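Structure at a glance
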Amino acid sequence: MAHYTSISALSVGAALLAGTALLPASAFAQNGMNTTSLQYEVVLEGLNEPWDMAFLDDGTMLFTEKCSGLSVRLPDGSVNALYGVGETAGYASNGADLFCEGQAGMMGVAFDPDFADNRRIYVYSTSNMSDPHTNRLMRFTLSEDFTAVSDRTDIVDDVPYKMAASDHPFGGPGAHNGGRVRFDANGHLFLTTGDTHNGEVPQSPTKMGSKVLRMDTDGKAIAENSPPDGFDARTYTYGHRNVQGIAFHPETGAAIAAEHGPWHSDEITILENGGNAGWDPRPNMAGRGDCPDNYCGYSPNQETGMNRYERAASMPMTDFDTYPDAMAPIWNNNGWSQGTSSAAFLEGEAWGDWNGAMVVGIMGIGFGGTPIGQRIDVIMFNDDNTDVEDVTEMTLPMESGRFRSVVMGPDGSLYTAIDEGEIYKLTPGG
């Protein structure tokens, strides 16, 4: 059942960015004004950790549940369960090799840009088909009546998965798994991956974690990709920590990543073809010694709160000392790590001054004195779309949650999935 409400959306700005010496991007004030009113509707509820959504122009919505599977919601509101994780009951078919553990499971989903002609869809999920296990980007054909999928083809089968627990916060299997799947305006397929708590992965030329991959719909590298010599040709950017958000600027077409930080500095970065994001948590480098289980990603004092700028100086999210040509982030969440998970661009005149602004979903962490977060931020770019001019917290007409996914719908509304089990529709205007 849908629920509606309306609220005048007024936001008090946050303080000026502190500690700018640790972030080469320009300082900015988080003091913008939300000038819209928002309605909300509960589109779906009672879901099992909904992770991502994708839309057709008529409102047909694919959605994934991390430990359950892939389903489709039709314009009349009916839902067909298409492809289940493992032995999950109630699906038209199942992937016996698929499973969920920790942060891993069924994640990103996308329609093919030529879906009307080829009926293809893409789903990213964790699989035990190989040992060690991997994450796979699967391509399916969706039936004409939207009741079943067929022709599974694993176009990517070699993204690392964390097999065993390690001595780190959230250190269980499946950690730092990435997982967003998106197409740009050129029809290029992008996949984001995580570092799996493995210090060797981010700067590795061949391990496909900590990367943003750019491919065609067969999983082959785009010819214009320009990673460093020796790197897998699918690599668009590397040296990431755990990218769970990617969106494309509506004017420039630039790919922009949203990324989880290590107890500090969630980041948004305008990606450069072949660029290094500068994350390198290997022990015994950059002035560090040994670290637990060969991963310095939470150093120092990984179980203890401390000043976020002191922590960033010791284990930087973007290490410019080691990699002076690394891609500079344009936003770092005021130096906090609060689980910045997803990104999209608002579209439509109904959004007023926010038309064309970027939104990011923040899930909330609350570690070591960090404010929990759990919000959607609206990020305004400067006139040449190269930097952040203003950030406003969206005043929400419903309770906050762990905002795992934000996706623009064809109706001009913003859809957001929260881990607690709901998918909401946010619509501007009273």
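The following refers to the structure shown. (Residues numbered from 1 in each chain as written. Predicted model: local features only at pLDDT ≥ 70, side-chain atom pairs only at ≥ 80, totals over all residues. Heavy atoms only, no water.)

Brief notes about the overall build of the protein
Within the protein one finds 2 helices and 26 strands. Here the C-alpha radius of gyration of the protein, 20 Å, is about what a compact globule of 430 residues would show, namely 22 Å. Expressed along its principal axes, the backbone C-alpha trace of the protein runs to roughly 60 × 55 × 40 Å. Within the protein, contacts between residues separated by at least 24 positions form 58% of all contacts whose residues are at least 6 apart in sequence. For the protein, the accessible surface area stands at approximately 15800 Å², while carbon and sulfur atoms represent 46% of it. Side-chain charges in the protein split into 24 positive and 58 negative, and the spacing between the mean points of these groups amounts to 5 Å. (Helix = DSSP H or I, 4+ residues; strand = E, 2+ residues; numbered from the N terminus. Rg over C-alpha atoms; globule rule 2.2 N^0.38 Å. Contact = heavy atoms within 4.5 Å. Areas by Shrake-Rupley, 256 points an atom, 1.4 Å probe, with all protein chains shown as cover. Lys, Arg positive; Asp, Glu negative; His and termini not counted. Charge placed at Lys NZ, Arg CZ, Asp CG, Glu CD.)

Structural notes on the sheet that holds strand β8 (residues 106-111)
Read from one edge to the other, the open sheet built from 4 strands follows the order β8-β9-β10-β11, with strand pairing classed as antiparallel. Strand pairing shows two members of the sheet lacking a second neighbour, β8 and β11 (149-160), which therefore form its edges. Pairs of neighbouring strands in the sheet enclose a mean axial angle of 20°, with direction left out of account. (Pairing = 2+ DSSP bridges. Axes fitted to C-alpha atoms, helices over the stretch in contact; angles between N-to-C directions.)

Section: the packing of aromatic side chains
Counting across every chain of the model gives 15 aromatic pairs. Each ring, one from Y40 and one from Y424, has its centre 5.9 Å from the other, and the planes form 65°; the classification is edge-to-face. Of this pair, Y40 sits in strand β2 (residues 37-44) while Y424 is found in strand β26 (residues 423-428), placing the two residues 384 residues apart along the sequence. Assessed through its relative accessible area of 16%, Y40 is described here as buried. Aromatic pair F115 and F146: ring centres 6.3 Å apart, planes at 40°, arrangement tilted. (Phe/Tyr/Trp six-rings, centres within 6.5 Å; stacked < 30°, edge-to-face > 60°. Buried < 20%, exposed > 50% of the residue type's maximum accessible area, 1.4 Å probe, protein only.)

As for the sheet that holds strand β19 (residues 275-276)
An order of β12-β13-β14-β15-β19 is seen for the 5 strands of this open sheet, with the pairing classed as mixed. Where the open sheet ends on each side, the last strands, each with one partner, are β12 (181-183) and β19.

Comments concerning unusual backbone geometry
That bond from D131 to P132 is cis: its omega, 5°, falls within 30 degrees of zero. Considering the arrangement of structural elements, one finds P132 in the loop between β9 (120-127) and β10 (134-142). Residue P300 is reached from S299 by a cis peptide bond, and omega for that bond is -10°. Among the structural elements, P300 can be located in the loop between β19 and α2 (308-314). The phi torsion at N333 lies on the positive side, around 55°, for a residue other than glycine. Looking at the element boundaries, N333 is found in the loop between α2 and β20 (340-345). A relative accessible area of 1% means that N333 is categorised as buried. With a phi angle near 40°, Q374 is a residue other than glycine that sits in the positive phi range. Among the secondary structure elements, Q374 is positioned in the loop between β21 (358-362) and β22 (375-381). Taking the relative accessible area as the measure of exposure, Q374 reaches 23% and is therefore partly exposed.

A word on the layout of surface pockets
Estimated volume of the largest pocket: approximately 890 Å³. Along the wall of the largest pocket there are 33 residues; nearest its centre are R182, F183, F248, E347 and M408. Within the lining of the largest pocket, the residues separate by chemical class into 23 nonpolar, 5 polar and 5 charged. Of the voids in this model, the second largest pocket is the one considered here, and its volume is about 420 Å³. Forming the walls of the second largest pocket are 27 residues, and the residues nearest its centre are Q103, F170, H260, I365 and R402. For the lining of the second largest pocket, a count of residues per class yields 9 nonpolar, 12 polar and 6 charged. (1 Å grid on protein atoms, 1.4 Å probe; cavity = no way out; pocket = protein on both sides within 12 Å on 5 of 7 lines; lining within 4 Å. Points joined across faces, edges and corners; volume = space filled by probe spheres on them. Nonpolar A, V, L, I, M, F, W, Y, C, P; charged D, E, K, R; others polar.)

Looking at the pairing of β8
Burial within β8 is extensive, with 6 of its 6 residues counted as buried. Note: β8 against β9, 4 bridges, orientation antiparallel. Bridge pairing in β9 links M106 to S125.

A short note on the side chain of E259
With respect to the element layout, E259 can be found in strand β17 (residues 255-259). One buried charge, E259, has no salt-bridge partner; the nearest side chain with opposite charge is R241, at 7.0 Å. Engagement of the side chain of E259 in a polar contact is seen with the side chain of H240, the distance being 3.1 Å. Not counting the four nearest positions on each side in its chain, E259 is found in contact with H240, R241, N242, V243, D266, E267, M317 and T340. (Salt bridge = Lys/Arg side-chain N within 4 Å of Asp/Glu carboxyl O. Polar contact = N/O pair within 3.5 Å; in protein donor to acceptor, adjacent residues only side chain to side chain.)

Describing the pattern of salt bridges
Taken as a whole and assessed by the stated rule, the structure comprises 16 salt bridges. Note that E41 is salt-bridged to K425, the shortest N-O span being 3.5 Å. Highlighted residues: E41 in strand β2 and K425 in strand β26, separated in sequence by 384 residues. In terms of burial, E41 and K425 fall into one category: buried. Put simply, R152 and D97 hold a salt bridge, and the shortest N to O gap is 2.9 Å. You can see R152 sitting in strand β11 and its partner D97 sitting in the loop between β7 (93-95) and β8, a full 55 residues away along the chain. Residue classification places D97 among the buried residues on the basis of a relative accessible area of 10%.

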